[in-house]
Number of protein chains: 2
Amino acid sequence: MDSTQQLTPEDDLAYNVFAKACPSRGTLEHVTGRWGGLTLGALYEGSLRFNELRRRVDGVSEKMLSQTLHALERDGLVHREAQPTNPPRVDYDLTPLGHQVAERLLALIHCVEGSMDDVLASRARYDETRGAL
Amino acid sequence: MDSTQQLTPEDDLAYNVFAKACPSRGTLEHVTGRWGGLTLGALYEGSLRFNELRRRVDGVSEKMLSQTLHALERDGLVHREAQPTNPPRVDYDLTPLGHQVAERLLALIHCVEGSMDDVLASRARYDETRGAL
DNA sequence: CAGCATCCAGCTTGATACTG
DNA sequence: CAGTATCAAGCTGGATGCTG
């Protein structure tokens, strides 16, 4: 770590994402990864079964959803409830911790969604000025 | 779009990340991507030059930082201020929109950082119960 | 200093097929 | 239904070398 750089209050936390080797970086990637965020977002509204999730998160493959769910379960953000019936029924829902994280995540998502008009306008401007090259 | 699925209030927004083809999905990925989030986080504290950013975001390559910065600039989240001096000096900082987004993002990051003890404990439990396989 | 162009290893992802 | 296993393809991202 380069101790010459300025430290802000946030940097005093034991787990600092800005550090390459920090474990929080991994968890943050599970949360913000391609499917992690959407999965948490979907579960925020309530418990869902595997294939419900799959339909809800438009575009995930079976494999990716499975993988994502495992990572989130391991991190303690998602709870998996399997009923040994036939056919099998498995429900996924957020843990209290997962709920906290999802809340922040959704705030971010909604912020981005709500800004899309500006973003799209900015893109158009950017592409116009230097789009010719 | 599958209109048979339940719609929650959030789904009424014009740009819904849960939809595969939605442009907000792309922007969200710029923001939450491997380097996007850390870049926004770093700039939240103030303007930084290219190599300052590179040092601050531990692990980015030149190429990825450059790429990330372009995407964020195009989306209107980051402002690039180049001075035609020699040697060149370029400052990056957040736009008001970028600031809003970064705020939410940092809330998420800090939430995750602050939960790492729980996460790590959960991982240990998870690995212990089924780690033997 | 602030980048862009190129090359290429390897990780991620999506299809497909199969199991309990 | 709820997954796992396998494989090929494509994209990601790091290293290197060069420009202004």
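The name an unreviewed UniProt entry gives chain A is HxlR family transcriptional regulator, with Streptomyces diastatochromogenes as the organism.

Peer 1: How should the pattern of salt bridges be read in this particular structure?
Peer 2: Close approach of charged atoms allows side chains of opposite charge to pair. A full pass over the atoms with the stated rule returns ten salt bridges over all chains. Across the pair Asp-91 of chain A and Arg-89 of chain A runs a salt bridge, and its minimum N-O distance is 3.1 Å. What makes Arg-89 of chain A partly exposed here is its relative accessible area of 33%. Of the charged contacts, one joins Asp-127 of chain A and Arg-74 of chain B as a salt bridge, the two residues approaching to 2.4 Å between their closest N and O atoms. Of this pair, Asp-127 of chain A sits in helix α6 (residues 116-131) while Arg-74 of chain B sits in helix α4 (residues 62-74), each in a different chain. Since its relative accessible area comes to 35%, Asp-127 of chain A is described here as partly exposed. In this structure Arg-74 of chain B comes out as partly exposed when scored by relative accessible area, which is 26%.

Peer 1: Could you clarify how one ought to interpret the protein's contact with DNA strand D in this entry?
Peer 2: Taken together, 19 residues lie near DNA strand D, and Glu-62, Ser-66, Arg-80 and Tyr-92 of chain A together with Lys-63 of chain B sit nearest. Each atom of DNA strand D within 4 Å of the protein was assigned to sugar, phosphate or base; sugar and phosphate come to 58%. One nitrogen or oxygen atom from the side chain of Arg-80 of chain A is found 2.6 Å from a phosphate oxygen belonging to DNA strand D. When contributions to the surface near DNA strand D are tallied by element, the ones reaching two or more residues are α3 (50-56), α4 (62-74) and β3 (89-94) of chain A together with α4 of chain B. Element by element, the count of residues in the surface near DNA strand D is highest for α4 of chain A, at four residues. Partitioning the surface near DNA strand D into residue classes produces seven nonpolar, four polar and eight charged.

Calculation criteria
Residues numbered from 1 in each chain as written. Chains lettered and ligands numbered in written order. Predicted model: local features only at pLDDT ≥ 70, side-chain atom pairs only at ≥ 80, totals over all residues. Heavy atoms only, no water. Salt bridge = Lys/Arg side-chain N within 4 Å of Asp/Glu carboxyl O. Buried < 20%, exposed > 50% of the residue type's maximum accessible area, 1.4 Å probe, protein only. Helix = DSSP H or I, 4+ residues; strand = E, 2+ residues; numbered from the N terminus. Near = heavy atom within 4 Å. Polar contact = N/O pair within 3.5 Å; in protein donor to acceptor, adjacent residues only side chain to side chain. Nonpolar A, V, L, I, M, F, W, Y, C, P; charged D, E, K, R; others polar.

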